[in-house]
Amino acid sequence: MPYCRQRRFICFLVLGCCLWSCQATSFQKGEANTSPRQRISLNEGWKFMRYDSQPDSLIYDVRPAVTDRNDNKVADSRPTEAVRVTAERQTLKPFILPTANDFIREPSDRHVRPSGNPGQDFPFVKASFDDGNWETVDLPHDWGISEPFQSGTNAEVGGGMGRLPSHGVAWYRRKLDITAADTAATVLLEVEGAMSYAMVWLNGHLVGGWPYGYASWQLDLTPYLEVGKDNQLAIRIDNPPLSARWYPGGGLYRSVWLVKTNPTHIAGWGPFVSTPTVNESKATVRVEVPIQNDSEATQEVSIITRIYSVDSLGERGTTPVANVPTQMLSLVAGARGATVDSVAIERPRLWGPPPTQAPNRYAAVTMIQAGDRLVDEYVTLFGIRSLAFDSERGLVVNGEAIRIQGVNQHHDLGALGAAFNRRAAERQLQILRNLGVNAVRMAHNPPAPELLELTDQMGFLVVNEIFDSWERKKTPLDFHLIFPEWHEPDLRSFIRRDRNHPSVILWSYGNEVGEQYTEAAGAALSARLKAIVHEEDPTRPTTAAMNYAKPPMDFPKEVEVISLNYQGEGIRNAPAYSHLQGINTEPLYPSFREAFPDRMIISSETASALSSRGTYLFPVFDGISAPAEDGSGGDPVTQFVSAYELYTAAFGSSAEKVFASQDKHPYVAGEFVWSGFDYLGEPTPYYGARSSYSGIVDLAGFPKDRYYLYQSRWRPELPMAHILPHWNWPGRVGKITPVHVFTSGDAVELFLNGQSMGKKAKSPFTYRLRWDSIRYEPGSLVAVAYRNGMEWAQDTVRTTGTAQKIALTADRSTIASDGKDLSFVTIEVLDSQGLRVPTATHLLSVTLNGPGEVVGTDNGDPTDLRSLHDPKRNAFGGLALAIIRANKDSSDPIVVRVTAPGLAPAELELNPR
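Residues numbered from 1 in each chain as written. Predicted model: local features only at pLDDT ≥ 70, side-chain atom pairs only at ≥ 80, totals over all residues. Heavy atoms only, no water.

**Brief notes about the overall build of the protein**
Across its full length, the protein holds eight helices and 51 strands. Relative to the compact-globule value of 29 Å for 913 residues, the protein shows a C-alpha radius of gyration of 28 Å, a close match. Taking the principal axes of the C-alpha coordinates as reference, the protein spans close to 90 × 65 × 60 Å. Per-residue burial for the protein yields a buried fraction of 63% across its 913 residues. In the protein, of all internal contacts separated by at least 6 residues, the share reaching a separation of at least 24 is 74%. Taken as two groups, the 89 positive and 104 negative side-chain charges of the protein have centres that lie 2 Å from each other. (Helix = DSSP H or I, 4+ residues; strand = E, 2+ residues; numbered from the N terminus. Rg over C-alpha atoms; globule rule 2.2 N^0.38 Å. Buried < 20%, exposed > 50% of the residue type's maximum accessible area, 1.4 Å probe, protein only. Contact = heavy atoms within 4.5 Å. Lys, Arg positive; Asp, Glu negative; His and termini not counted. Charge placed at Lys NZ, Arg CZ, Asp CG, Glu CD.)

Below, the structure is given as structure tokens:
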């Protein structure tokens, strides 16, 4: 074991994101390969074609028949045993498994490729095939997101997977220009994400593939290249139905690269940088460099690494701050080796989370030389900081106890689907940062590499997670089908890719897995996965999130950080939940602390509170937490959940119930709320909808009322007050209409049309102030918040007039014309006084004049089944969103115009650069 069982568990780390030494560029025909390493974007110019069902015999493996298509299951339902089937025809699995060999530790467990070349006669893999009628697409590409939502109870794709056709078989084809300059090169295909069961042919040869849709992987194309010719690349994707509990997306949904190196080169995901010791005066930086010799002769090489400081934009300085001693290595043909050495950095600039620390970074530039010739160069960004996982103080970063104020995030980007976009991800993180979030749990799969680059740069703490299931299944065709052969290579490649990121503080190798129920067998499998993680990265602890396992059981004994999903505050244990079936758990923080006094405890999932932004249902629950049900916080006709923020999933708890539980147990390190943003799929409790209700922020990026409840707790020094509900209730005059206020102050006086409704102060373990006997009359509500007897903040809500006009606001009016950058334009429906009309549902039409494209629209309504690519969108709560992209290399202004019947239109100008 790399860790001691002691009360204070400390690890010193230096981590970062692996970047290649040259910028990603398009490789033009005839252009010489003069750099020792080139990483060339293959994102443009693919031909694409998709089938709804199996069109050919080129299958990875046979799958069990699906007998249960019900996706409307409570999320904490018990996983079940796998259904095993025997292949009665040839499958391609034996030809794909050898791709994993570099990530299998025991040579005897590695795979031998059979003879033969399956698929060589299939038309789509041949250069002569005419794909002119196929669709032309650029990557990242999600084939499902532009399709219509499927409605009704008998839809092929139900609410669980987002009612979008992410399933099916698709082919992607593209030419590769391999010139004479590449004659002696090693050429790799690098795929950051392909959903799923990807298989790759080059020039009619089956090269390999990777089944797990969230994995990043590389294939050596060198043996199959035809130098001086156009080489035909063909990738087959096979995404099963009923394979996920949320919307997975489909296709090549992350970036794809062509990497060209010399035969002797830095291998895999590059050097591993760590630090055995860190303090304010000195840090020891350890650099391990893996090297591969693909040449036909023994190579004698020198390995040189220089360390540079890096500014906030990622630009490195010109003078090294330290030089790692030069190492010599001799490698026989076909061998892989590694060098390890260390260097001290004086007065290091430490990486840490804002606002009290700064995310400072360094760059390790590693060069491989053969004699005087530079044969490879690799740049690794990293950060220096110390971590302690303390059973009393919680997470300690660089000596400072940092309360985890975290959220869980799924991988989709709302109207953009699963196709990764850096600006969209950055916007999400900026919205979360304003809320007070300092940590993100990647639920429940490896993220896009670029997302971790953003968390490094912005200073977020990350729990990096890989598996939602092991051998037992949650859906009929999920990862359990490939877990036996692929868990080791998936896990090792995941760790190697991400272990240099300073934002990653903890590895999670499982979420609510069925093996919690299997006693010693499940614990043994957990121990095996933990050992693999530590073989790849001995610097970080491990965990697996538990929603069922209890302290006396075998399963918790293996995890090094106790991660509890909902168990800390209790599951279905409050009176309002007593009639529900399922896991029933009393609050277990004290029991876990007693059983594991030396381990840090975090809540890896809390709350799962539900709401539809700006929608309020009556009567209002008079307690603090209740399940969202028909007639009690839920409306089965509209499929809305009340935004009074008191209602939850069946297994969940309100934010306030969680706050109270954590405040009563201050040794708990913090929480990761389920969830930060709404996401496509899993629309508990109404599976006729398209997207979840659990986000603090809706699918369009608009804050719900709950946003301000968390902000009042997580940013206590920010003067703020927030009133709910809205005050447009023409049918409720004289009726009880409760008014609640969230504030970072300690007391509030509420005024209705200038008359005081009383002043109320917070008491211990209460987090909102309630006026539950207010009778509605039109006019204005004003909340005046106080702190320590002094006025602190105000909020006002007014009854509006009728809708009269539209207003537009862009998050950025100047955007890059690179074909990737985006502007997110908020559309508001206003009355004549400029107040947003909270009940407005007008159909809005978005048009452009200029070199741009409307790539998506949304409104945050989980029940809205209009295509997310439709430029028309109904307002929801008086709001809608348009996502605009400038055409590549354009410079003329783009005028965004929004119209609606009966409203004065609005225009806004965007400027590409």
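**Brief notes about the pairing of strand E35 (residues 670-674)**
Burial of E35 is extensive: five of the five residues sit out of reach of the surface. Taking every second residue as pointing to the same face, both faces of E35 are buried, with Gly 670, Phe 672 and Trp 674 on one and Glu 671 and Val 673 on the other. Pairing of strand E23 (residues 404-409) with E35 involves four bridges; the strand directions are parallel. Bridge pairing links Gln 405 to Glu 671 in E35. Pairing of strand E29 (residues 601-607) with E35 involves three bridges; the strand directions are parallel. (Pairing = 2+ DSSP bridges.)

**Digging into the sheet that holds strand E48 (residues 872-874)**
Reading across the sheet, the five strands line up as E44-E51-E50-E46-E48 and stay open at both edges, with mixed pairing between neighbours. Since the sheet does not close on itself, it has two edges, and those belong to strand E44 (814-815) and E48, each with one partner. Here E44 runs beside strand E51 (residues 906-912); their pairing, made up of two bridges, is parallel. Along E51, the bridge assignment pairs Ile 815 with Pro 912.

**Comments concerning the environment of Thr 380**
Position of Thr 380 relative to the elements: it lies in strand E20 (residues 373-390). By relative accessible area, Thr 380 is classed as buried at 0%. Sequence separation between Thr 380 and Val 365 is 15 residues, and the spatial gap between their C-alpha atoms is 6.5 Å.

**Some remarks on the layout of surface pockets**
The volume enclosed by the second largest pocket comes to roughly 1,300 Å³. In this structure, the second largest pocket is lined by 43 residues; those nearest its centre are Asn 101, Asp 102, Phe 103, Arg 336 and Arg 496. Taken together, the elements giving at least two residues each to the lining of the second largest pocket come down to strand E9 (205-210), strand E10 (217-220), strand E14 (272-274), strand E15 (282-293), strand E18 (336-346), helix H4 (483-498) and helix H5 (519-536). Looking at the lining of the second largest pocket residue by residue, the class counts come to 17 nonpolar, twelve polar and 14 charged. (1 Å grid on protein atoms, 1.4 Å probe; cavity = no way out; pocket = protein on both sides within 12 Å on 5 of 7 lines; lining within 4 Å. Points joined across faces, edges and corners; volume = space filled by probe spheres on them. Nonpolar A, V, L, I, M, F, W, Y, C, P; charged D, E, K, R; others polar.)

**Structural notes on the nonpolar core**
In terms of nonpolar packing, the biggest core is built from 188 residues, with Trp 46, Trp 171, Tyr 172, Leu 189, Ile 235 and Leu 252 touching the most fellow members. Ranked by size, the runner-up nonpolar core spans 26 residues in total, among them Ile 266, Val 285, Ala 322 and Ile 368. (Core = buried A, V, L, I, M, F, W, Y, C linked by side-chain atoms within 4.5 Å.)

**Re the packing of aromatic side chains**
Per the counting criterion, the structure on display carries 39 aromatic pairs. Here the aromatic rings of Phe 122 and Phe 124 are separated by 5.0 Å at their centres, their planes lie at 80°, and the arrangement is edge-to-face. Take Phe 122 and Phe 124: they sit in the same class, and that class is buried. Among the aromatic residues, those joined into a cluster by ring pairs are Tyr 212, Tyr 214, Phe 467, Trp 470, Phe 479, Phe 483, Tyr 509 and Phe 555. Taking NZ or CZ as reference, Arg 593 lies 4.2 Å from the ring centre of Tyr 667, over its face. (Phe/Tyr/Trp six-rings, centres within 6.5 Å; stacked < 30°, edge-to-face > 60°. Lys NZ or Arg CZ within 6 Å of the ring centre and 35° of its normal.)

**Topic: the pattern of salt bridges**
The tally for this structure, following the rule as stated, stands at 49 salt bridges. Salt-bridge contacts for Lys 704 lead to Asp 678; the nearest nitrogen and oxygen are separated by 3.1 Å. Of the two residues, Lys 704 is situated in the loop between E35 and helix H8 (705-714) and Asp 678 in the loop between E35 and H8; the sequence distance between them amounts to 26 residues. Comparing Lys 704 with Asp 678 shows no difference in burial state: the two are buried. Shared partners join several salt bridges into a network, and the residues in it are Arg 105, Glu 488, Arg 492, Arg 496, Arg 499, Arg 528, Glu 535 and Glu 536. (Salt bridge = Lys/Arg side-chain N within 4 Å of Asp/Glu carboxyl O.)

**Notes on the packing of H4 against H5**
What describes two packed helices is the angle between their axes and the distance between those same axes. The geometry of H4 relative to H5 is characterised by a closest axis approach of 9 Å and an angle of 35° between their N-to-C directions. Relative to H5, H4 is oriented so that their crossing is right-handed. Taking contact as the criterion, the partners of Phe 483, His 487, Glu 488, Leu 491, Arg 492, Ile 495 and Arg 496 in H4 are, on H5, Leu 525, Arg 528, Leu 529, Ile 532, Val 533, Glu 535 and Glu 536. Here the residues of the contact of H4 with H5 sort into seven nonpolar, one polar and six charged. (Axes fitted to C-alpha atoms, helices over the stretch in contact; angles between N-to-C directions. Left-handed = near helix turned anticlockwise from the far one by under 90°.)

**A few points about H8**
Most of H8 is tucked away, with eight of its ten residues classed as buried. Of the residues making up H8, those classed as buried are Asp 705, Arg 706, Tyr 707, Leu 709, Tyr 710, Gln 711, Ser 712 and Trp 714.

**As for the environment of Arg 254**
Here Arg 254 is to be found in the loop between strand E11 (229-239) and strand E12 (256-261). From its side chain, Arg 254 meets the backbone oxygen of Pro 447 in a polar contact 3.4 Å long. (Polar contact = N/O pair within 3.5 Å; in protein donor to acceptor, adjacent residues only side chain to side chain.)

**Side note on unusual backbone geometry**
Cis geometry marks the peptide bond from Pro 354 to Pro 355; its omega dihedral reads 5°. Assignment of secondary structure puts Pro 355 in the loop between E18 and strand E19 (361-370). Each neighbour pair has its own omega, and for Thr 684 with Pro 685 the value is 10°, a cis peptide bond. Examined against the element boundaries, Pro 685 turns out to sit in the loop between E35 and H8. Backbone geometry at Arg 163 places phi at a positive 60°, although glycine is not the residue there. Inspection of the secondary structure puts Arg 163 in the loop between strand E5 (135-137) and strand E6 (168-178). Positioned with a positive phi, Glu 682 is a non-glycine residue whose angle comes to about 45°. By secondary structure assignment, the location of Glu 682 is in the loop between E35 and H8.

**Some remarks on the pairing of strand E24 (residues 439-442)**
Where burial is concerned, the two faces of E24 agree: the one with Ala 439 and Arg 441 and the one with Val 440 and Met 442 are both buried. Here E23 pairs with E24 via four bridges, running parallel. In the sheet register, Gly 406 faces E24, and the bridge partner there is Ala 439. In this view, the connection linking E23 to its parallel neighbour E24 by way of helix H2 (residues 422-435) has right-handed handedness. Bridge analysis of E24 against strand E25 (residues 461-465) gives three bridges, and the strand direction is parallel. Residue pairing in the sheet places Arg 441 in a bridge with Val 463 of E25. Assessed by its sense of winding, the connection that carries the chain from E24 through helix H3 (residues 449-458) to E25 is right-handed. (Right-handed = clockwise from strand over helix to strand, strands pointing away.)

**A few points about the sheet that holds E5**
Pairing is antiparallel in the open sheet, where six strands are placed in the order E5-E4-E6-E11-E8-E9. The outermost strands of the open sheet, each flanked by one partner alone, are E5 and E9. Here the average twist between neighbouring strands, direction ignored, is 25°. Examined bridge by bridge, strand E4 (residues 46-51) and E5 share three bridges and lie antiparallel to one another. The residue of E5 that forms the bridge with Trp 46 is Val 137.

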